Amino acid sequence: MINISTPAIWYPGQSELEFSEELNLMMERAAITRNFLNGEIPPDHLLDFINDQGFDVFKVALDWELGDGIIS
C-alpha cells in the first residue's frame, strides 16, 4: 500500500474557511493519487478528476515527466 503525505500550507491573509477548503482539496487529491497508485482506480478516472479540478491534463502530464534527473 502506498501512502501519500500532503503538507498543509497556510498563506498570510487566508481565512480559516479558505484554509479548511484548501486542506480538504489537498486531502482529496492525495487520496485519489494514492488510490491510482494502488491500482484501485483506472487512469481515466484520475484524469477526469484532474480535469474536474480545473487543471489541463496535458499540461499536468508534461509537468510529471521524469526529465530532471529523477529515476523512476
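Residues numbered from 1 in each chain as written. Predicted model: local features only at pLDDT ≥ 70, side-chain atom pairs only at ≥ 80, totals over all residues. Heavy atoms only, no water.

(A) Spatial organisation of the overall build of the protein chain. Secondary structure assignment for the protein chain yields 3 helices and 0 strands. Element order for the protein chain, N to C, with α for helix and β for strand: α-α-α. Of the contacts formed within the protein chain by residues at least 6 apart in sequence, a portion of 29% connects residues at least 24 apart. When the accessible surface of the protein chain is totalled, it reaches about 5,800 Å², and 58% of it is carbon and sulfur. (Helix = DSSP H or I, 4+ residues; strand = E, 2+ residues; numbered from the N terminus. Contact = heavy atoms within 4.5 Å. Areas by Shrake-Rupley, 256 points an atom, 1.4 Å probe, with all protein chains shown as cover.)

(B) Representation of the nonpolar core in the model. Ranked by size, the top nonpolar core spans 7 residues in total: Ile-32, Ile-41, Leu-46, Phe-49, Ile-50, Val-57 and Val-60. For this core, the secondary-structure elements that each account for two or more residues are helix 2 (43–52) and helix 3 (57–63). Of all the elements, helix 2 adds the most residues to this core, at 3 residues. (Core = buried A, V, L, I, M, F, W, Y, C linked by side-chain atoms within 4.5 Å. Buried < 20%, exposed > 50% of the residue type's maximum accessible area, 1.4 Å probe, protein only.)

(C) Seen up close, the pattern of salt bridges. Scanning all chains against the criterion turns up 1 salt bridge. Residues Arg-29 and Glu-22 are paired through a salt bridge, measuring 3.1 Å at the closest nitrogen-oxygen approach. The class for Arg-29 is partly exposed, based on a relative accessible area of 24%. (Salt bridge = Lys/Arg side-chain N within 4 Å of Asp/Glu carboxyl O.)

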